[in-house]
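Results of the structural survey
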Amino acid sequence: MQYLGIPLAILGAVLMSVSAMLQHRGVARADAAGNGDGGEGLGLRSFLRLLKSKTWLSGTLLLGVAVVCQLGALLFSPLVLVQPIGVISLVLTAVITAKQSGMPVGRRKALSITLCVAGVGGFVAVASSVAVDKEITEPQLIVVLVILAALVVLLGIAFVFVRRTKWRSLFYVVAGGVMYGFLVTLAKVVLARWQQGDYGWYFLACAAGVVISLLVGGYFVQTAYASSSADLVIAGLTVIDPLVAVTIGIVVLRETEGANLLVNILFVALGALAIIGVLLLQLTQSDDEVSAVRNHALGRGN
């Protein structure tokens, strides 16, 4: 039965890639209609245009279906078997981006994607082999919520200073991935307490955390679509997101407290490998490629 999750995970990864392309196209058109380039973040008017964009709404709907597929895959298969499959969307998105831009996937980009796949796959595999699923205690929940609140403030401050620099695209991607990592953790708590019929203050606090993570993370992800290629955005969602979620489980929830020194070293090495892959992907992304993909989304040129 555990292998039934594999086709669901593959379908979810493919839908994630297609949804990224549609959302990227919708954001590019909404941003262009507002005479912007997405460099300093999408404004309120651009977001209102997105709500009227059939392309963007279709991509959002597919993203929802992709999430359902991934959650369904976890019902049948263990995390170690399902989570690495999600990086298929990164590979597929890179291929589609290369076709749209007319620029082939070079060696450096291929290397960066390989590092992302190997890093996140190995990280999740090691974590799943030693992690023990524990009930989240109320003190731990408070720590997670406090960290989330502090991160929202810090990201807001960093946004003011980073949005005019050349690293803004990477910042948007990382910020979105971090927020979605917290979203996964808090959603798990909400579902568990919902199943138990516990609708107290902690349930409401976690539900509020889910909404905040979704809104803040969603804003950064959509802004990233306006200022970078879709494959870099997907790299953030398929690499940063699981790294953050698993790190919360390791550091705050103590799900791997029985791990030895070698396992902890592997955590750091594999996590660093995946992050290096994302950084290299940012460095290999040229302005010409971003412009070519943007022009394709707007129906200009080839």
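Below: a short report on this structure. (Residues numbered from 1 in each chain as written. Predicted model: local features only at pLDDT ≥ 70, side-chain atom pairs only at ≥ 80, totals over all residues. Heavy atoms only, no water.)

We now examine the environment of R45. By the element assignment, R45 lies in helix α2 (residues 44–50). With 14 residues separating them in the primary sequence, R45 and D31 have C-alpha atoms 9.0 Å apart. (Helix = DSSP H or I, 4+ residues; strand = E, 2+ residues; numbered from the N terminus.)

Next up on the list: the nonpolar core. The nonpolar side chains of soluble globular proteins are, as a tendency, buried together. Counting 68 residues, the largest nonpolar core has L186 and Y225 as the members making the most contacts within it. With residues near it in sequence (within four places) discarded, L186 still touches L141, V144, L145, L148, C206, G209, V210 and S213. (Core = buried A, V, L, I, M, F, W, Y, C linked by side-chain atoms within 4.5 Å. Buried < 20%, exposed > 50% of the residue type's maximum accessible area, 1.4 Å probe, protein only. Contact = heavy atoms within 4.5 Å.)

Turning our eyes to something else, we now look at helix α7 (residues 138–162). Counted at 1.5 Å a residue, the expected span for α7 with its 25 residues is 36 Å, and the 35 Å between its end C-alpha atoms agrees. Within α7 the residues assigned to the buried category are Q140, L141, V144, L145, L148, L155, F159 and V162. Of the surrounding elements, those touching the buried residues of α7 are α8 (168–196), α9 (201–227) and α10 (230–251). (Expected span 1.5 Å × (residues − 1).)

Taken N-terminus to C-terminus, the directions of helix α6 (residues 107–130) and α10 make an angle of 25°; their axes are 11 Å apart at the nearest point. Viewed along their axes, α6 and α10 adopt a mutual orientation that is roughly parallel. Crossing hand, α6 versus α10: left-handed. Packed against α6, whose contacting residues are K109, C116, V120, F123 and A127, the element α10 presents D231, T238, V239, P242, L243, V246, T247 and I250 at the interface. When its residues are assigned to classes, the contact of α6 with α10 shows nine nonpolar, two polar and two charged. (Axes fitted to C-alpha atoms, helices over the stretch in contact; angles between N-to-C directions. Parallel < 35°, antiparallel > 145°, perpendicular 65-115°, else oblique. Left-handed = near helix turned anticlockwise from the far one by under 90°. Nonpolar A, V, L, I, M, F, W, Y, C, P; charged D, E, K, R; others polar.)

Residues V153, L154, I157, V160 and F161 make up a contiguous nonpolar surface patch of roughly 510 Å² in combined accessible area. Its location among the elements puts V153 in helix α7. (Patch = residues over 30% accessible without salt bridge, like charges linked within 9 Å, V, L, I, M, F, W, Y side chains within 5 Å. Areas by Shrake-Rupley, 256 points an atom, 1.4 Å probe, with all protein chains shown as cover. Salt bridge = Lys/Arg side-chain N within 4 Å of Asp/Glu carboxyl O.)

Just geometry here; none of it tells us what the structure is for.
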